[in-house]
Number of protein chains: 2
Amino acid sequence: MTRPKEILVPTTPHVEGDEDIGEINNIVGFHIRLAHGATYRHFTETFSDLELTQKQVSVLWLVDDHPDIAQTGLAKRMRMDRATTMAIINRLQKRGFLVRGKSKTDGRKQTLNLTDEGRQALASAKVAIQEHEKWLQSRFKKKEVEMLIEMLSRIHE
Amino acid sequence: MTRPKEILVPTTPHVEGDEDIGEINNIVGFHIRLAHGATYRHFTETFSDLELTQKQVSVLWLVDDHPDIAQTGLAKRMRMDRATTMAIINRLQKRGFLVRGKSKTDGRKQTLNLTDEGRQALASAKVAIQEHEKWLQSRFKKKEVEMLIEMLSRIHE
DNA sequence: AATTATTGTATGTTAGACTAACTATCTACA
DNA sequence: TGTAGATAGTTAGTCTAACATACAATAATT
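A. Molecular detail of the relation of the copies chain A and chain B. Once turned by 180° and shifted 0.0 Å along the axis, chain A lies on chain B with an RMSD of 0.1 Å. Seen this way, the second copy is the image of the first under a two-fold rotation axis.

B. Broad picture of the pattern of salt bridges. Under the definition given, this model contains eight salt bridges over all chains. The salt bridge involving A:Asp106 is made with A:Arg108; its shortest N-O contact spans 2.9 Å. With a relative accessible area of 76%, A:Arg108 lands in the exposed category. Among the salt bridges present, the one from B:Arg154 reaches B:Glu150, with a minimum N-O distance of 2.9 Å. Here the residue B:Arg154 and the residue B:Glu150 both occupy positions in helix α6 (residues 142-156), the gap between them amounting to four residues, near one helical turn. Residue classification places B:Arg154 among the partly exposed residues on the basis of a relative accessible area of 25%.

C. A look at the environment of A:Ser124. Among the structural elements, A:Ser124 can be located in helix α5 (residues 116-137). Along the chain, A:Ser124 and A:Phe47 lie 77 residues apart, while their C-alpha atoms are 9.7 Å from each other.

D. Representation of helix α5 (residues 116-137) of chain B in the model. With 22 residues, α5(B) ought to run about 32 Å at 1.5 Å a step, and its terminal C-alpha atoms sit 31 Å apart, in line with that. Within the sequence span of α5(B), burial applies to B:Gly118, B:Ala121, B:Leu122, B:Ala125, B:Lys126, B:Ala128, B:Ile129, B:His132, B:Glu133 and B:Leu136. Summarising the contacts, the buried residues of α5(B) are in contact with α1 (28-46) and α6 (142-156) of chain A together with α1 (28-46), α2 (54-65) and β2 (110-114) of chain B.

E. Quick look at the protein's contact with DNA strand D. In the vicinity of DNA strand D lie 23 residues, with A:Gln71, A:Met86, A:Arg100, B:Thr53 and B:Lys55 positioned nearest. Across the atoms of DNA strand D situated within 4 Å of the protein, the share located in sugar and phosphate is 69%. Between A:Arg82 and DNA strand D, the recorded distance is 2.7 Å, taken from a side-chain N or O atom to a base nitrogen. Between DNA strand D and A:Arg100 there is a distance of 2.5 Å, counted from a phosphate oxygen to a side-chain nitrogen or oxygen. Of all the elements in the fold, those that place two or more residues in the surface near DNA strand D are α3 (71-78) and α4 (82-94) of chain A together with α2 and α4 (82-94) of chain B. The biggest single contributor to the surface near DNA strand D is α4(B), with four residues.

What counts, and at which threshold
Throughout, residues of each chain are indexed from 1 in the direction in which the sequence is written. Ligands are numbered from 1 and chains lettered from A, in the order in which they are written. pLDDT decides what is reported in this predicted model: residues at 70 or higher carry local features, side-chain atom pairs at 80 or more are listed and counted, and totals for whole chains, interfaces and linings draw on all residues regardless. Neither water nor hydrogens contribute to the side-chain values; these are computed over all heavy atoms in the structure. When the copies are superposed, the least-squares fit takes in the C-alpha atoms of residues with a pLDDT of at least 70 in both. Every case where a carboxyl oxygen of Asp or Glu lies within 4 Å of a side-chain nitrogen of Lys or Arg is listed as a salt bridge. Three labels apply to residues, based on accessible area from a 1.4 Å probe with only protein chains included: buried if under 20% of the type maximum, exposed if over 50%, partly exposed otherwise in between. Secondary structure is summarised from DSSP: a helix means a run of H or I of at least four residues, a strand means a run of E of at least two, and numbering begins at the N terminus for each. In this analysis, the expected span of each helix is defined as 1.5 Å times one less than the number of residues it contains. For this analysis, residues touch if any pair of their heavy atoms sits within 4.5 Å. Only heavy atoms are used to decide nearness, and a residue is near a molecule or strand if one of them lies within 4 Å of it. The term polar contact refers here to a pair of N or O atoms within 3.5 Å; inside protein, the definition further demands a hydrogen-donor-capable atom paired with an acceptor-capable atom, and it admits residues adjacent in sequence only when both atoms are side-chain atoms.

Below is the structure:
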């Protein structure tokens, strides 16, 4: 009495009397979302000890690369709005990973800089990132990685 | 005394005469996230009238493609857990786009099917998707689109 | 028949994205 | 120069989504 077992390969074409646009599988956006989801999931697994999200690591990294950067500078680089940036900065500051200071050149701006703890966290994060990237890049040849990055850059500029 | 003016449209390449971001630019995950963000943003713009998210459209689409699908079936296809799936289904049901029914083959399962309204919403969504995809694919040649989809599939399986 | 797995549900937490309103500061120009 | 508008940061509130946990009902396995 064994059932057909209902194997479900997600990337399988659905048959059915097809209409309009075609299959959802031909939609680039669909694949970007799925790839992002898979990447995000693996990331949080890899970072479960560090308790850092992708966004948080990116912010730490960018602040380290650009001492005294202002929140709007960060926001521009990461394509976030000010409010979202605030929330992330607040979280990182609450954990003592970075500090806000006053800008000497512009009274509206604040400077962001990592604390020693932040630098330490970033160092650990970079190790984890390496592992994460290895998982990601294991699917591709070197040339393909370059190509993928280049293509993705065309989307986000 | 006119400054370079520093226009910053979110989806515009950031020029700024400065430093490159550093090695973070070689991180595939970083680009996936940025590309996802840009895509998501354009999607919500395109869909602001319809008030549908990527997830919701995907669910409508998949339910349409697979009548009587159960929530777990959806969850597998979209790589979501049951709780998240529930939340999305609830939202769509509340708006009258789909209905839950009882499965005849498995008392635990429920069937999902679009209502006429749901089908209508999906039809509108597909038009908008076409526009959205055009925006996305305009950056690529046909061959490149295939390549991109294939590469992204390697990530999400 | 008893145990285990699956499915849907309910609840609560968290991150992140966005809007709107507000203050302080800076810039541009009439 | 004075003022109107732009920019930077903040706060508050809303929304989507992901995840964890717990529970009840049903199926499958032993």
